[in-house]
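# Survey of secondary and tertiary structure
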Amino acid sequence: MVVIKISYGLNQFDKFQRHLEAGRLSIDNNRAERAIKPFMIGRKAWLFSNTCNGAHASAIRYSMVETAKANG
């Protein structure tokens, strides 16, 4: 198990180094995951997304709403 964790860390080192060089980059995606959680919980109720175009339109709309929330 330790070998797997060390191997994973070494494989992700370039991403970690990028985070250290550019302090504005978040080290995790928790904020994004929390933002989409309500949509994932209710996704079965959204029957209008039963086509590719509907899903694409929904993704654009939700992205705009969450971006507006994140920026106040």
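Residues numbered from 1 in each chain as written. Predicted model: local features only at pLDDT ≥ 70, side-chain atom pairs only at ≥ 80, totals over all residues. Heavy atoms only, no water.

Scanning the model with the defined rule gives 2 salt bridges in all. Among the salt bridges present, the one from Arg 18 reaches Asp 14, with a minimum N-O distance of 3.9 Å. Here the residue Arg 18 and the residue Asp 14 both occupy positions in helix H2 (residues 13-21), the gap between them amounting to 4 residues, near one helical turn. Judged by relative accessible area, Arg 18 falls into the partly exposed class, the value being 47%. For the salt bridge of Lys 69 with Glu 66, the shortest nitrogen-to-oxygen distance reads 3.2 Å. Taken together, the positions of Lys 69 and Glu 66, both in helix H4 (residues 52-70) and 3 residues apart, correspond to about one turn of that helix. You can call Lys 69 exposed: its relative accessible area is 57%. Classification of Glu 66 as buried rests on a relative accessible area of 17%. (Salt bridge = Lys/Arg side-chain N within 4 Å of Asp/Glu carboxyl O. Helix = DSSP H or I, 4+ residues; strand = E, 2+ residues; numbered from the N terminus. Buried < 20%, exposed > 50% of the residue type's maximum accessible area, 1.4 Å probe, protein only.)

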